[in-house]
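In case you want the letters, here they are:
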Amino acid sequence: MRWDDFRSLVDANHRFLISSHMSLDGDSVGSQVAMRWYLTSLGKDVTIYNKDPVPAKFAFLTVHDTILNDKPDSAFDVLIVLDCSNCSRLGWKVEAIAPVMVNIDHHRDNTGFGAVNIVDSNAAATGAILYRFFCDCSIDFPPYVAEALYTAIMTDTGGFRFSNTTGAILRYCSELVEHGADCSSIYEKVYASHAPKALLLQARIWSTLRFHLDGKVCCMDMPLAVLDELEAHYSDSEGMADNTIIAEGVEVGMLIKYDEKESHFSLRSKGKVDVGKIAQKIPGGGGHFSAAGCTISRPYGEAFSFMIDILRRELG
Ligand SMILES: [Mn+2]
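Everything quoted here is computed from the prediction, not taken from an experiment.

Caption draft 1: Structural context of the sheet that holds strand 12 (residues 291-296). The sheet built from 6 strands is open, its strands ordered 7-8-9-10-12-11 with mixed pairing. Every other strand in the sheet has two partners, leaving strand 7 (210-212) and strand 11 (286-287) as the edge strands with one partner each. Here strand 9 (residues 252-258) runs beside strand 10 (residues 263-269); their pairing, made up of 7 bridges, is antiparallel. Of the residues in strand 10, the one forming a bridge with glycine 253 is arginine 268. Of the strands in this sheet, strand 8 (217-223) and strand 9 touch helix 7 (residues 196-206), which is tilted by about 130 degrees from strand 8. On top of the sheet, helix 10 (residues 300-314) reaches strand 7, strand 8, strand 9, strand 10 and strand 12; it is set at about 165 degrees to strand 9, its chief contact.

Below is the structure:
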């Protein structure tokens, strides 16, 4: 932990840029909101820039227009990258935007790309790392930051269902609730506010459900062409990968999003198979033990056979 280095860096500088990975999730948005509050509370000049827009269901966390999707022209003193295992996951080129980079993350394949690296692969969420930092330094924060951190932890634990849901994590969340996070309203905004078009897309994805390798592998598909047809967004499929491991007897699930050229695999494990290691076999792939992703630059049929062969070996 290099929090002392981080705090010296914050003290010595003024203009901060915060960013996170492509396809923003609850942890990346929540962590950025919390970090923005922290730096602003110290009188710093803070900009958040992400390649991708904030998904509608997380928009309640942000102050309107504070998260940019156009790369700022201005120069910064420090770039803080949150919840991102390597720079290519940002989806934009960091060169020359700031002389110093800080890397705060919990992905175990984090490459340690920052001048200051605060990486804890045992943490359930980047939001949990930030919450611990606030607690350790007795930093009191407003309810909207509690809400952001609670959302970060809730989403990265799959709504407190994944094996990273420890007693400590539940304790953090109970404290965040005491700080003003409202469980039921956050649940409703994140998990029960689907756009009708999103549900139609999900119904289409469900219709592709099938099992392989004696029922140990469950698959669903999303051909990208269906997005135009249904006027749905890529992000409307978020969460569907988790449904690939809810069947009895399934060990590994995968949601495959594909076009003519490439196939993206969202992999999920029930706990026996390390899908993060499987994803790492593919260049650019990676993730956690029970949730990971990779893109194979081949058409669907070839990419699928390649992945099934890997799983056949893994599952014996
Ligand atoms: Mn995360």
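Caption draft 2: Looking closely at the nonpolar core. Residues Phe6, Met35, Ile80, Ile104 and Phe134 are the most contacted members of the largest nonpolar core, which totals 51 residues. If we skip the residues at most four places from it in the chain, phenylalanine 6 touches Met35, Tyr38, Ile80, Val102, Ile104, Val116, Ile118 and Phe133. Cys219, Val273, Cys294 and Ile308 belong to the second-largest nonpolar core, a separate cluster that totals 23 residues.

Rules and cut-offs
- Residues numbered from 1 in each chain as written.
- Predicted model: local features only at pLDDT ≥ 70, side-chain atom pairs only at ≥ 80, totals over all residues.
- Heavy atoms only, no water.
- Pairing = 2+ DSSP bridges.
- Helix = DSSP H or I, 4+ residues; strand = E, 2+ residues; numbered from the N terminus.
- Contact = heavy atoms within 4.5 Å.
- Axes fitted to C-alpha atoms, helices over the stretch in contact; angles between N-to-C directions.
- Core = buried A, V, L, I, M, F, W, Y, C linked by side-chain atoms within 4.5 Å.
- Buried < 20%, exposed > 50% of the residue type's maximum accessible area, 1.4 Å probe, protein only.

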